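Single-letter residue listing:
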Amino acid sequence: MFRRPVVRIAEEPFELAKAAANTFVVAAKESVQEKGKFFAALSGGSTPRAMHRLLAEELFCLEVPWSDIHLFWVDDRCVPYANPASNFGVAREDFLNRVPVSPGQIHPMPIHILPEEGAVQYERELKKFLPLGQGGLPVFDLIVLGIGQDGHTASLFPGQAALDEAEKWVVAVKGGNPDVNRLTLTFPVLNQAGQIVFLASGREKASILKTVLEDGTLQLPVQRIQPISGNLTWLLDQEAASLLSDEKIVVQLH
Ligand code: 6PG
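About the cut-offs
Residues numbered from 1 in each chain as written. Predicted model: local features only at pLDDT ≥ 70, side-chain atom pairs only at ≥ 80, totals over all residues. Heavy atoms only, no water. Helix = DSSP H or I, 4+ residues; strand = E, 2+ residues; numbered from the N terminus. Rg over C-alpha atoms; globule rule 2.2 N^0.38 Å. Buried < 20%, exposed > 50% of the residue type's maximum accessible area, 1.4 Å probe, protein only. Contact = heavy atoms within 4.5 Å. Areas by Shrake-Rupley, 256 points an atom, 1.4 Å probe, with all protein chains shown as cover. Core = buried A, V, L, I, M, F, W, Y, C linked by side-chain atoms within 4.5 Å. Pairing = 2+ DSSP bridges. Phe/Tyr/Trp six-rings, centres within 6.5 Å; stacked < 30°, edge-to-face > 60°. Lys NZ or Arg CZ within 6 Å of the ring centre and 35° of its normal. Axes fitted to C-alpha atoms, helices over the stretch in contact; angles between N-to-C directions.

*Asks:* Which residues make up the overall build of the protein, and what are the values?
*Replies:* Of the regular secondary structure elements, the protein holds seven helices and eleven strands. Compactness check: the protein gives a C-alpha radius of gyration of 17 Å against a globular reference of 18 Å for 254 residues, within 12% of the reference. Across its three principal directions, the C-alpha atoms of the protein cover 45 × 40 × 35 Å. The proportion of buried residues among the 254 residues of the protein is 55%. Restricting the contact set of the protein to residue pairs at least 6 apart, pairs at least 24 apart contribute 76%. Carbon together with sulfur atoms contributes 52% to the accessible area of the protein, which is approximately 11,400 Å² in total.

*Asks:* Before we move on, could you go through the nonpolar core and cite the residues and values that matter?
*Replies:* Among soluble globular proteins, nonpolar side chains are generally buried collectively. Ranked by size, the top nonpolar core spans 85 residues in total, and within it Phe24, Phe140 and Trp234 carry the most contacts. Among the elements that make up this core, the one with the highest residue count is helix H1 (residues 13-35) (ten residues). When near neighbours in sequence (up to four residues on either side) are disregarded, Phe24 contacts Phe38, Ala40, Leu42, Met51, Leu55, Val64, Ile69, Leu71 and Leu142.

*Asks:* Give a detailed account of the side chain of Thr186, specifying residues and quantitative values.
*Replies:* Structurally, Thr186 can be placed in the loop between strand S8 (180-185) and helix H6 (187-190). When its relative accessible area of 0% is taken as the criterion, Thr186 is described as buried. Those residues within four positions of Thr186 in sequence are excluded, and the remaining contacts are Glu165, Lys168, Trp169, Val170 and Val171.

*Asks:* Residue-level account of the pairing of strand S2 (residues 38-42), with values.
*Replies:* The buried count for S2 comes to five of five residues, which makes it a mostly enclosed element. Of the two faces of S2, the one carrying Phe38, Ala40 and Leu42 and the one carrying Phe39 and Ala41 are both buried. Alignment of S2 against strand S3 (residues 69-73), held across five bridges, turns out to be parallel. Opposite Ala40, over in S3, you have Leu71 as the bridge partner. Across two bridges, the pairing between S2 and strand S6 (residues 142-145) is parallel.

*Asks:* Provide a residue-level description of the packing of aromatic side chains, including the pertinent values.
*Replies:* Within this structure, the stated rule accounts for nine aromatic pairs. Judged by centre distance (5.4 Å) and plane angle (85°), the ring pair of Phe24 and Phe38 falls under edge-to-face. One end of the pair, Phe24, is in helix H1; the other, Phe38, is in strand S2, and 14 residues separate them in sequence. On the basis of relative accessibility, which here comes to 1%, the residue Phe24 falls in the buried class. The exposure class assigned to Phe38 is buried, which follows from its relative accessible area of 0%. Between Phe72 and Phe140 the ring centres are 5.6 Å apart and the planes differ by 75°, which places this aromatic pair in the edge-to-face class. Here the residue Phe72 occupies a position in strand S3, and Phe140 occupies one in the loop between helix H5 (115-129) and S6, the gap between them amounting to 68 residues. Residue Phe72 is classed as buried on the basis of its relative accessible area, which comes to 0%. Connected via pairs of aromatic rings, a cluster forms that spans Phe24, Phe38, Trp66 and Phe95. A cation sits over an aromatic face here: Lys127 above Trp169, 4.6 Å from the ring centre.

*Asks:* Outline the sheet that holds strand S4 (residues 75-77), supporting the account with residue identities and numerical values.
*Replies:* Strand pairing in a sheet relies on backbone hydrogen bonds, with the paired strands running either antiparallel or parallel. Strand order in the open sheet formed by three strands is S4-S8-S7, with antiparallel pairing between adjacent strands. The open sheet has two free edges, formed respectively by S4 and strand S7 (170-175), since each of these has just one partner strand. Averaged over all adjacent pairs, the angle separating strand axes in this sheet is 25°, with direction ignored. With three bridges connecting them, S4 and S8 associate as antiparallel partners. In the strand pairing of S8, Arg77 is matched with Arg182. Lying over the sheet, H5 contacts S7 and S8, oriented at roughly 145° with respect to S7.

Structure below.
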C-alpha cells in the first residue's frame with residue numbers, strides 16, 4: 001500500500017541539516033531503547049555533509065548512543081578512501097574521526113577489490129550484522145538518501161539493470177558523476193528500512209522534486225523507493241521545495 005510521503009520544509013540549509021541530525025539522533029535513541037542496537041545506512045554526495053558534521057558537534061554528539069550503533073553505506077564509489085569522491089572517506093573526515101564509535105561498528109564498502117567481489121563481500125557483512133525481516137532481507141532502522149537531478153538515488157541510475165535487481169542486496173554499477181565503478185544497495189534492501197529520509201537542498205533540486213512528488217508515474221529510480229512497512233520522509237529546504245504546489249504534502253518544520 002503506497003502511503004503519501006511526509007514532506008517537511010526547513011527555512012534554509014542549516015535548518016535542514018539540524019532537522020536531519022535530529023532525525024538521526026531520535027531514530028538512534030528509539031532503536032537502542034527498543035532493541036539495544038541501531039543500524040543506519042548513509043549516503044554520499046554533498047547534501048548530507050552538513051548533517052554529518054553536526055553529529056560531531058556537542059549538541060548532537062552527546063545525544064547519540066554511539067556504543068550501540070552500526071553505520072553502513074547506501075553506496076560508494078570504488079576509489080581510495082583518501083579520494084574526495086569517496087563517500088566513506090568524506091564521512092570519516094566530516095564526523096567519524098570525531099565521534100566515539102569503534103571501528104568495528106563502522107562498515108565501509110569494500111572498494112579496494114573487484115567491484116563484483118566487493119558486492120558479494122558487503123552482502124556478507126550485512127548478513128553478519130543486520131537483523132533479517134520479510135523475505136530474509138536485512139532491516140535498517142534508518143536509511144538516509146539523496147536525490148540526483150536525473151532522479152537517481154543511491155547509485156541506482158535511470159536505465160540501468162541494477163534497478164531491476166530483485167535478489168542481490170548489493171550490486172556493482174558504473175555511472176553517475178563521477179562516472180566510476182560503484183557499489184550500491186538495491187531496492188529490495190532499501191525498501192525494507194524502518195525509516196527512509198531523503199535530504200534535498202538547493203534550487204537545482206526543485207524541478208526533480210516537483211516531478212517526483214507531484215507526478216505519480218513510477219518511472220524514475222527515486223520513485224521506486226517505497227518502504228514496505230517503514231516511514232518515508234522528505235526533508236527539504238525552501239529552495240529545493242520552491243516548485244512544489246501540492247499543499248496536502250507539505251508540513252513546515254517548526
Ligand atoms: C552518491 C550518492 C548519491 C547522492 C545524490 C545527491 O554516492 O553519489 O549516494 O545518490 O545522494 O547524487 O547528491 P548531492 O547531495 O551531492 O546533490
